[in-house]
Amino acid sequence: MIGFDIAVIVLVILVVLVLFSGIKTVPQGYNYTIERFGRYTRTLHPGLNLIVPFVDRVGARMNMMETVLDVPSQEVITRDNATVTANGVGFYQVLNAPQAAYEVNNLENAIINLTMTNIRSVMGSMDLDELLSNRDEINERLLRVVDAAAAPWGIKITRIEIKDIDPPRDLIDSMARQMKAEREKRATVLEAQGEREAKILRAEGEKQAQILEAEGRREAAFRDAEAREREAEAEAKATEMVSRAIGQGDMQAINYFVAQKYIEALAAFANSANQKTFLMPVEASAVIGALGGIGEIARQAFSGDPARDARPARAPGRVPASPAAGPLPGREPAP
């Protein structure tokens with residue numbers, strides 16, 4: 001009985017070992033390939049799976065999640081013979097576990113080398129200025145080329161990004177000087193344009209000012225001419241009235257005309273630059289008499305009193321002197 005019990009225990013242990021070797025648990029995000037006698041037969045998906053013990057075995061444990069790869073730095077010669085150092089980062093995901101396991105050896109190393117060679121090809125076909133300013137275009141071209149090359153491996157290249165593009169130090173200094181010169185040139189151009197626009201605006205302002213000034217002079221000349229015309233019309237009308245009065249035999253009008261000319265002559269003589277001394281009176285009684293005649297004409301013109309008009313006229317050619325004035329110098333008093 002003791003030997004039978006031992007055999008039963010050993011059999012149970014073997015059955016348990018067989019069951020454990022035939023049960024495989026695959027974690028989430030992984031796929032296992034199953035090989036039977038070294039040949040791929042099927043793929044185990046996440047969860048609990050059964051295989052034939054001692055006949056089937058797990059060949060490759062493939063990570064089906066998106067994976068990140070660092071692309072090492074390398075020197076690249078651009079189309080214009082500039083040497084730069086570039087590195088990047090790639091993202092890929094396994095879509096077909098058997099292809100990724102059996103179509104390529106060392107999948108990650110293959111992806112890295114494929115990416116590096118295509119970086120040299122893409123960046124080498126561009127000038128340095130294009131290289132520094134068109135990273136999106138470089139990333140798009142790299143992604144398209146590398147994804148097409150890696151498709152037989154059962155993977156999908158999701159993204160490729162260029163991280164750093166480092167030109168040599170002397171090239172960086174040259175670029176800095178070029179950028180400085182370009183900015184100075186732009187500043188000079190902008191300053192010249194500003195001065196040009198300022199001169200144009202000043203010229204336009206001066207032009208408008210001259211136009212307005214000319215218009216003002218023209219308006220002033222027009223108004224001066226109009227004033228002189230009206231003054232001439234008034235003078236002509238006054239002369240006409242005086243002539244009519246003289247024609248009617250009105251001696252007061254004659255006195256007014258003579259007195260006006262007399263006073264104007266005295267004023268011109270007083271304002272003359274050659275005169276040094278002016279003694280008064282100069283026939284003051286005649287001037288006063290002329291002023292009296294002017295006043296009489298004005299009273300008759302504004303009052304319109306016929307009684308006043310009916311008064312006898314004084315003797316022609318005589319202007320009465322004021323009683324308070326006394327006899328004129330050089331003349332005898334009238335009897």
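The preceding data block contains the structure.
Residues numbered from 1 in each chain as written. Predicted model: local features only at pLDDT ≥ 70, side-chain atom pairs only at ≥ 80, totals over all residues. Heavy atoms only, no water.

## Examining the overall build of the protein chain
Put simply, the test is: In this text, helices come from DSSP runs of H or I with a minimum length of four residues, and strands from runs of E with a minimum of two, each type numbered from the N-terminal end. The rule is simple: take the accessible area with a 1.4 Å probe, protein chains only, and divide by the maximum for that residue type; under 20% is buried, over 50% is exposed, in between is partly exposed. In this analysis, two residues are considered to be in contact whenever any of their non-hydrogen atoms come within 4.5 Å of each other. Accessible surface is estimated by sampling points in the Shrake-Rupley manner with a 1.4 Å probe; for residues, cover comes only from the protein chains shown.
Helices and strands together make up the secondary structure of the protein chain, namely nine helices and eight strands. Out of the 335 residues in the protein chain, the part that is buried amounts to 22%. Nonlocal contacts in the protein chain, meaning residues at least 24 apart in sequence, comprise 62% of its contacts between residues at least 6 apart. With the model as given, the accessible surface of the protein chain reaches about 23600 Å², and the carbon-plus-sulfur share is 58%.

## What about the sheet that holds strand E6 (residues 67-77)?
Defined as follows: Two strands form a pair only when DSSP identifies at least two bridges running between them. Interaxial angles span 0 to 180 degrees and are taken between N-to-C directions of axes, which are lines fitted to C-alpha atoms, for helices over the stretch in contact.
Across the sheet, which stays open at both edges, the three strands sit in the order E6-E7-E8 with antiparallel pairing between neighbours. Of all strands in the sheet, those with a lone pairing partner are E6 and strand E8 (155-166), marking the two edges. Taken over all neighbouring pairs, the strand axes of this sheet differ in orientation by 20° on average, direction set aside. Examined bridge by bridge, strand E7 (residues 83-94) and E8 share ten bridges and lie antiparallel to one another. The partner of Ala86 across the bridge, within E8, is Ile165. Sitting on the sheet, helix H3 (residues 107-124) is in contact with E6, E7 and E8, with an inclination near 35° to E6.

## Remarks on the side chain of Asn87
As for its position among the elements, Asn87 is in strand E7. Beyond its immediate sequence surroundings of up to four residues, Asn87 is in contact with Val71, Pro72, Ser73, Ile162, Lys163 and Asp164.

## A closer look at the environment of Tyr30
Considering the arrangement of structural elements, one finds Tyr30 in strand E2 (residues 30-36). By relative accessible area, which is 29% here, Tyr30 ends up partly exposed. Among all residues touching Tyr30, those that are not within four sequence positions of it are Leu44, Pro46, Met62, Asn63, Met64 and Met65.

## Some points on the pattern of salt bridges
Inclusion rule: When a carboxyl oxygen of Asp or Glu lies within 4 Å of a side-chain nitrogen of Lys or Arg, that pair is called a salt bridge.
If you walk through the whole model with that rule in mind, you get ten salt bridges. Glu66 is paired through a salt bridge with Arg159; the nearest N and O atoms lie 4.0 Å apart. Placement of the pair is Glu66 in the loop between strand E5 (56-63) and E6 and Arg159 in strand E8, with a sequence separation of 93 residues. For Arg79, the salt bridge identified is with Glu130, shortest N-O distance 3.7 Å.

## Details of the packing of aromatic side chains
Short version of the rule: In summary, the pairing rule links any two rings of Phe, Tyr or Trp, Trp by its six-membered ring, whose centres are within 6.5 Å, and it sorts them by plane angle into stacked for under 30 degrees, edge-to-face for over 60 and tilted for everything else.
Taken as a whole and judged by the stated rule, the model has one aromatic pair. Between Tyr40 and Tyr102, the aromatic rings sit 5.7 Å apart at their centres with planes inclined by 55°, giving tilted as the arrangement. With Tyr40 in strand E3 (residues 39-44) and Tyr102 in helix H2 (residues 97-102), the pair connects residues that are 62 residues apart, well separated along the chain. For Tyr102, a relative accessible area of 37% gives the class partly exposed.

## Re unusual backbone geometry
Of note, Phe54 is a non-glycine position whose phi angle comes to about 65°, a positive value. Tracing the sequence through the fold places Phe54 in the loop between strand E4 (47-50) and E5. Given the relative accessible area of 69%, Phe54 is considered exposed. One non-glycine residue, Asn81, lies in the positive phi region at around 65°. Position of Asn81 relative to the elements: it lies in the loop between E6 and E7. Overall, Asn81 belongs to the exposed group, its relative accessible area being 67%.

## Some remarks on the sheet that holds E2
Pairing is antiparallel in the open sheet, where three strands are placed in the order E3-E2-E5. Whereas interior strands pair on both sides, the edge strands pair on one side only; in this sheet they are E3 and E5. Strand after strand, the sheet turns through a mean of 30° between neighbouring axes, direction not considered. Here E2 runs beside E5; their pairing, made up of six bridges, is antiparallel. Bridge assignment links Arg36 to a residue of E5, and that residue is Asp56.

## Overview of the nonpolar core
The criterion, for reference: What makes a nonpolar core is a set of buried Ala, Val, Leu, Ile, Met, Phe, Trp, Tyr and Cys residues whose side-chain atoms join them at distances within 4.5 Å.
With 36 residues, the main nonpolar core has Leu107, Met123, Trp153 and Ile155 as its most contacted residues. Among the secondary structure elements, those contributing two or more residues to this core are E5, E6, E7, H2, H3, helix H4 (128-133), helix H5 (135-150) and E8. Here the element with the most residues in this core is H3; it accounts for nine residues. Ignoring anything within four residues of it in the chain, the contact list for Leu107 reads Tyr92, Val94, Ala100, Trp153 and Ile155. Core analysis: the next-biggest nonpolar cluster, separate from the first, contains six residues, Tyr32, Leu44, Ile51 and Val58 among them.

## Points about the packing of H3 against H5
As a reminder of what qualifies: Note that the term roughly parallel is reserved for angles under 35 degrees, roughly antiparallel for angles over 145, roughly perpendicular for angles of 65 to 115, and oblique for everything else. In this scheme the handedness of a crossing depends on how the near helix is turned from the far one: anticlockwise by less than a right angle means left-handed, clockwise means right-handed. When residues are grouped by polarity, Ala, Val, Leu, Ile, Met, Phe, Trp, Tyr, Cys and Pro land in nonpolar, Asp, Glu, Lys and Arg in charged, and all others, Gly among them, in polar.
As a packed pair, H3 and H5 sit with axes 10 Å apart at the nearest point and diverge in direction by 135°. Relative to H5, H3 is oriented oblique. Relative to H5, H3 is oriented so that their crossing is right-handed. Contacts between H3 and H5 involve Leu114, Thr115, Asn118, Ile119, Val122 and Met123 on the former and, on the latter, Ile138, Arg141, Leu142, Val145, Val146, Ala149 and Ala150. For the contact of H3 with H5, a count of residues per class yields ten nonpolar, two polar and one charged.

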